[in-house]
Amino acid sequence: ICKLRFIVVAYCNCATPIMAAEGNNIRRYIYRGEEGEVIPRDGQIIVIVREDVTVILANTFRGHRNIIEVICHEDVEKIEEYVFNNCTSLKRII
């Protein structure tokens, strides 16, 4: 049985995204929707789309076999081409 702890994830203006550890080495990554944003490829990751992002750019998560879940919000208007291509560990998109 997997037990996850409640985590507060903060935002900042820094270049490095905030990542928080969870149970079983799962981390959360805040997707900012920036051109050229580097998504970590190590460890299992749950991606949370930041509230001000309305478009998930093409190829953003392509080939990231470590992403297990993506959490969007209702204001995401467009998901461009090949965003989830070859994300073999992706189990759900909320």
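These figures come from a predicted structure and were not determined experimentally. Counting of residues starts from 1 at the beginning of each chain's written sequence and follows it residue by residue. Local features in a predicted model are, by the rule used here, given only for residues with pLDDT of at least 70; side-chain atom pairs are given and counted only at 80 or more, and totals for whole chains, interfaces and linings are based on all residues. Side-chain measures were taken over the full set of non-hydrogen atoms in the model, leaving aside hydrogen atoms and water.

K.L.:
Sorry if this is basic, but what is going on with the nonpolar core here?
P.N.:
It is characteristic of soluble globular proteins that their nonpolar side chains tend to be buried jointly. Here the nonpolar core consists of buried residues drawn from Ala, Val, Leu, Ile, Met, Phe, Trp, Tyr and Cys, with membership extended through side-chain atoms lying within 4.5 Å. Burial classes: relative accessible area under 20% of the type maximum marks a residue as buried, over 50% as exposed, and values in between as partly exposed (1.4 Å probe, protein chains only). Counting 16 residues, the largest nonpolar core has Tyr31, Val47, Val49, Ile56 and Phe61 as its most contacted members. Runs of E in the DSSP output that reach at least two residues are strands. Runs of H or I that reach at least four are helices, and both are numbered from the N terminus. Those elements that provide at least two residues to this core are strand 2 (26–31), strand 3 (44–49) and strand 5 (67–71). Per-element accounting of this core gives the leading share, three residues, to strand 3. Excluding its chain neighbours within four sequence positions, the residues that come into contact with Val47 are Tyr29, Tyr31, Phe61, Ile67, Glu69, Val70 and Ile71. Throughout, a contact is declared for two residues whenever any of their heavy atoms are within 4.5 Å.

K.L.:
What is the right way to look at a negative patch on the surface in this model?
P.N.:
A grouping of Glu51, Glu74, Asp75 and Glu77 is seen on the molecular surface, where their side chains present a negatively charged patch. Mapped onto the fold, Glu51 is located in the loop between strand 3 and strand 4 (55–56). Overall, the relative accessible area of 53% leaves Glu51 in the exposed class. Patch criteria: residues need more than 30% relative accessible area and no salt bridge. Like-charged residues are merged within 9 Å; nonpolar side chains of Val, Leu, Ile, Met, Phe, Trp and Tyr are merged within 5 Å. Under the convention used here, a 1.4 Å probe and the Shrake-Rupley method define accessible areas, while residue burial counts only the protein chains that appear. Whenever a carboxyl oxygen of Asp or Glu lies within 4 Å of a side-chain nitrogen of Lys or Arg, that contact is scored as a salt bridge. In summary, the charge assignment counts Lys and Arg as positive and Asp and Glu as negative, without counting His or the chain termini. Lysine's charge is taken at NZ, arginine's at CZ, aspartate's at CG and glutamate's at CD.

K.L.:
Honestly, the packing of aromatic side chains in this entry has me stumped. Any pointers?
P.N.:
The way to describe two aromatic rings as a pair is by their centre distance and the angle between their planes. Working definition: a ring pair exists when centres of Phe, Tyr or Trp rings (six-membered ring for Trp) sit within 6.5 Å. Plane angles under 30 degrees give stacked, over 60 give edge-to-face, the rest tilted. Under the definition given, this model contains two aromatic pairs. With a centroid separation of 5.3 Å and an interplanar angle of 65°, the aromatic rings of Tyr31 and Phe61 are classed as edge-to-face. Of this pair, Tyr31 sits in strand 2 while Phe61 sits in the loop between strand 4 and strand 5; the two residues are 30 residues apart in sequence, bridging distant segments of the chain. Each member of the pair, Tyr31 as well as Phe61, is classed as buried. Taking the centre distance of 5.9 Å and the plane angle of 25° together, the rings of Phe61 and Phe84 count as stacked. Remark: Phe84 occurs in the loop between strand 6 (78–79) and strand 7 (92–93) and Phe61 occurs in the loop between strand 4 and strand 5; sequence separation between them is 23 residues. For Phe61, a relative accessible area of 0% corresponds to the buried category.

So yeah, pure geometry; function would need other evidence.
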